[in-house]
Amino acid sequence: MASKAATYQERAGVNAPDSAIQSLAGRDLCSIADFTASEIAAVLDLAHTVKAHPGDFRWALDAKQLVMFFEKASLRTRLTFETAINTLGGSAIFVDQTQSPLGERESLYDMAHNLERWASVLVLRTYAHDTITDMAQYASIPVINALSDLEHPCQALADFMTLQERFGSLKGMHFTYVGDGNNVCHSLMLTAAQVGMHVTVATPRNYAPKAELVALARSIGNITGSNISVINDPVAAVTDTDAVYTDICTSMGFEHEATKRAPIFKPYQVNEELMAHAAPHAVFMHCLPAHRNAEVTDAVLDGPQSVVFDQAENRMHAQKALMLMLLGGLAGKGKEAASQHRLDARKEALK
Ligand code: CP
Ligand code: NVA
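This is a predicted model, so every value here is computed, not measured. Along every chain, residues carry numbers that run from 1 in the direction the sequence is written. Starting at A for chains and at 1 for ligands, labels are handed out in the order in which the entities are written. Where totals are concerned, whole chains, interfaces and linings use all residues; where local detail is concerned, this predicted model gives features only for residues with pLDDT of at least 70, and gives and counts side-chain atom pairs only at 80 or more. The basis for every side-chain value is the complete set of heavy atoms in the structure, and neither hydrogens nor water enter the calculation.

**Quick notes on helix α14 (residues 308–326)**
Thinking step 1. Secondary structure elements follow DSSP: runs of H or I of four or more residues count as helices, runs of E of two or more count as strands, with numbering from the N terminus. Working rule for helices: expected span equals 1.5 Å times residues minus one. Compared with an ideal rise of 1.5 Å per residue, which puts 19 residues at 27 Å, α14 spans 27 Å between its outermost C-alpha atoms and is within 8% of the ideal.
Thinking step 2. Throughout, bend refers to the angle between the axes fitted to the seven residues that end at a position and the seven residues that start at it. Bending of α14 peaks at approximately 30 degrees at the position of Asn 314.
Thinking step 3. Relative accessible area decides the class of each residue, using a 1.4 Å probe on protein chains only: under 20% of the type maximum gives buried, over 50% gives exposed, and in between gives partly exposed. Counting buried positions along α14 yields 15 of 19 residues, so the element is predominantly enclosed.
Thinking step 4. Positive backbone phi, at 65 degrees, marks Gly 328, one or two positions downstream of α14.

Put into structure tokens, the structure is as follows:
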């Protein structure tokens, strides 16, 4: 089992899917940059297989216990983790932490050393990103970030799975994010760099993604051939792009800024006029929940280019693949199924 503390560089040599299966077992997902490009490719590859052949993985995580602690509201993330683990043979326990932040009643260290005696995996949705990294440091079982103020890596996995469904190989394609340089933007930028897509982010001044995450995305892009640019002009950002993504202007925890933000983000609304600058085949993406006719118009959200409900569906498949990898669910029957489907796919490609 790989050390939980291994660095990106130490793992960068891993490139075969079987190596990824070994290297990911027992690991955490706090940031999407915790995984190498080849590890992300392996998770996405498995996600497509699991989506196409769910019955073959029906008992791959038999009796595993998923425990979720959420400090913030959720529809998709909670329910896709529950449906994912239930249909892999395990069960989920949900703990509502919206009334008291993690670490308040009991230290994270003590919680971790209790939880690792009962549970197989912890899934945390928090305000502070450090809550997730601290829990990951203390717990001997995998810890998954289900959204923090800094990142939303599970969302990004589902989103790039969705793009692969539409376009196949993503290398060299162009991904555009318009709006707030927030948690979702950070994970998308990092994942796009990992899959070799060029990225343009357009935000209002003072709402750019964090400089250290832009620098990290650029350092990944130097290896994968992806260019990352951060600008203020939404029209320039979407021109000829393959995918236009937006998120709400006011994330959870920033509600007190909603009135101030509304006029600042108005020029960044994704509407039909803005979408007309993208490539004709471009898709529109949103992590949801959307504030209809604020950051995106009904016409775009419900229009023919929108893939938002595919993204929502793929949360479940991507998280199944993620848990299969982190919980070693590909050790037995799951591994046979995954290998057989990889073989079938190769044979199909050679026809
Ligand atoms: N996209 C997403 O994470 O949705 P929820 O907040 O409903 O979980
Ligand atoms: N950026 C949003 C994403 C919700 C899924 C938030 O953090 O509230």
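**Thoughts on the nonpolar core**
Thinking step 1. Only buried Ala, Val, Leu, Ile, Met, Phe, Trp, Tyr and Cys residues count toward a nonpolar core, and they belong to the same one when joined by side-chain atoms within 4.5 Å. Judged by nonpolar contacts, the single largest core of 71 residues is most densely connected at Phe 160 and Phe 175.
Thinking step 2. Residue contributions to this core peak at eight residues, all from helix α8 (residues 183–195).
Thinking step 3. Residue contacts are counted whenever heavy atoms from the two residues lie within 4.5 Å of one another. In this view, Phe 175 contacts Phe 160, Leu 163, Leu 188, Met 197, His 198, Val 199, Thr 200, Thr 241, Ala 243, Tyr 245 and Met 285; residues no more than four positions away in its chain are not counted.

**Quick word on the pairing of strand β7 (residues 228–231)**
Thinking step 1. As judged from the four bridges shared by strand β6 (residues 198–202) and β7, these two strands associate in the parallel manner. In the strand pairing of β7, Val 201 is matched with Val 230. For two strands to be treated as a pair, DSSP must find at least two bridges joining them.

**Section: the sheet that holds strand β1 (residues 65–70)**
Thinking step 1. With parallel pairing, the four strands of this open sheet are ordered in space as β2-β1-β3-β4. Across the chains shown, the open sheet's two edge strands, defined by having one partner strand only, are β2 (91–96) and β4 (143–145). Across the sheet, the mean angle from the axis of one strand to that of its neighbour is 20 degrees, orientation sign disregarded.
Thinking step 2. Taken together, the six bridges between β1 and β2 define a ladder with parallel strand orientation. Note on β2: the bridge partner recorded for Met 68 is Phe 94.
Thinking step 3. Helix axes use the C-alpha atoms of the stretch in contact, all axes being lines fitted to C-alpha atoms, and the angles between their N-to-C directions lie in the range 0 to 180 degrees. The sheet strands contacting helix α6 (residues 129–138) are β3 (121–125) and β4, and the helix crosses β4 at an angle near 165 degrees.

**A short note on unusual backbone geometry**
Thinking step 1. Cis geometry is found at the peptide bond from Leu 288 to Pro 289, where omega equals 5 degrees.
Thinking step 2. Among the structural elements, Pro 289 can be located in the loop between β9 (283–286) and α13 (298–301).
Thinking step 3. Notably, Ala 63 is not glycine yet its phi reads approximately 70 degrees, a positive angle.
Thinking step 4. Among the secondary structure elements, Ala 63 is positioned in the loop between α3 (37–52) and β1.
Thinking step 5. The backbone of Asn 206 sits at a positive phi, close to 75 degrees, despite the residue not being glycine.
Thinking step 6. Looking at the element boundaries, Asn 206 is found in the loop between β6 and α9 (211–224).

**Quick notes on the environment of Ala 294**
Thinking step 1. Mapping Ala 294 onto the fold places it in the loop between β9 and α13.
Thinking step 2. When its relative accessible area of 37% is taken as the criterion, Ala 294 is described as partly exposed.
Thinking step 3. With 165 residues separating them along the chain, Ala 294 and His 129 place their C-alpha atoms 27 Å apart.

**A closer look at the site of ligand 2**
Thinking step 1. Summary of the distance rule: residues count as near a molecule or strand when at least one heavy atom falls within 4 Å of that molecule or strand. Around ligand 2, the structure places Leu 147, Asn 182, Asn 183, Val 184, Asp 247, Ser 251, Met 252 and Leu 288.
Thinking step 2. Polar contact is the term for a pair of N or O atoms within 3.5 Å; when the atoms are in protein, one must be able to donate a hydrogen and the other to accept it, and sequence-neighboring residues count only if both atoms are side-chain atoms. Asp 247 places a side-chain nitrogen or oxygen 2.6 Å from a nitrogen atom of ligand 2.
Thinking step 3. Between a nitrogen atom of ligand 2 and a side-chain N or O atom of Ser 251, the distance comes to 2.7 Å.
Thinking step 4. The method behind every accessible area is Shrake-Rupley, applied with a 1.4 Å probe, and residues are considered shielded solely by the protein chains displayed. Taken by itself ligand 2 offers 270 Å² of open surface, and the protein chains cover 96% of this.
Thinking step 5. Basically, the charged four are Asp, Glu, Lys and Arg, the nonpolar ten are Ala, Val, Leu, Ile, Met, Phe, Trp, Tyr, Cys and Pro, and anything else, Gly included, counts as polar. Tallied by class, the residues present in the shell around ligand 2 amount to four nonpolar, three polar and one charged.

**Section: the site of ligand 1**
Thinking step 1. Neighbouring ligand 1 are Ser 74, Leu 75, Arg 76, Thr 77, Arg 125, His 152, Gln 155, Cys 287, Leu 288 and Arg 315.
Thinking step 2. Measuring from an oxygen atom of ligand 1, one finds a side-chain N or O atom of Ser 74 at 2.6 Å.
Thinking step 3. A distance of 2.9 Å separates a nitrogen atom of ligand 1 from a polar atom in the side chain of Gln 155.
Thinking step 4. Contact with the protein chains hides 95% of the accessible area of ligand 1, taken as 260 Å² for the molecule alone.
Thinking step 5. Grouping the amino acids of the shell around ligand 1 by side-chain chemistry returns three nonpolar, four polar and three charged.

**Some words on the side chain of Asp 28**
Thinking step 1. The residue Asp 28 is located in the loop between α2 (17–24) and α3 in this model.
Thinking step 2. Polar contacts involving the side chain of Asp 28 include one to the main-chain amide nitrogen of Val 143, which spans 2.9 Å.

**Some words on the sheet that holds β6**
Strands in a sheet are paired, the pairing made by backbone hydrogen bonds, and the direction either parallel or antiparallel.
Thinking step 1. Spatially, five strands are ordered β7-β6-β5-β8-β9 in an open sheet, and the strand pairing comes out parallel. Single-partner strands in this sheet number two, and they are β7 and β9. Averaged over all pairs of adjacent strands, the angle between their axes in this sheet comes to 20 degrees, without regard to strand direction.
Thinking step 2. Pairing geometry for strand β8 (residues 243–246) and β9, over four bridges, is parallel. Looking at the pairing, Ala 243 lines up with Val 283 of β9.
Thinking step 3. Against the sheet, helix α7 (residues 153–167) touches β5 (174–178), β8 and β9, its axis set at about 165 degrees to β9.

**Some points on the packing of α7 against α14**
Helix-helix packing is described using two parameters, namely the angle between the two axes and the distance between the axes.
Thinking step 1. Contact pair α7 / α14: the axes reach a minimum separation of 8 Å and the direction vectors enclose 110 degrees. Considering the angle they form, α7 stands roughly perpendicular to α14. The two elements α7 and α14 meet at a crossing, and its hand is right-handed. Residues Cys 154, Gln 155, Leu 157, Ala 158, Asp 159, Met 161, Thr 162, Glu 165 and Arg 166 of α7 form the contact with α14, whose participating residues are Asp 310, Gln 311, Asn 314, Arg 315, His 317, Ala 318, Gln 319 and Leu 322.
Thinking step 2. Taken together, the residues of the contact of α7 with α14 break down into six nonpolar, six polar and five charged. For this classification, under 35 degrees means roughly parallel, over 145 means roughly antiparallel, 65 to 115 means roughly perpendicular, and everything else is oblique. Crossing handedness follows the turn of the near helix against the far one: under a right angle anticlockwise gives a left-handed crossing, and clockwise gives a right-handed one.

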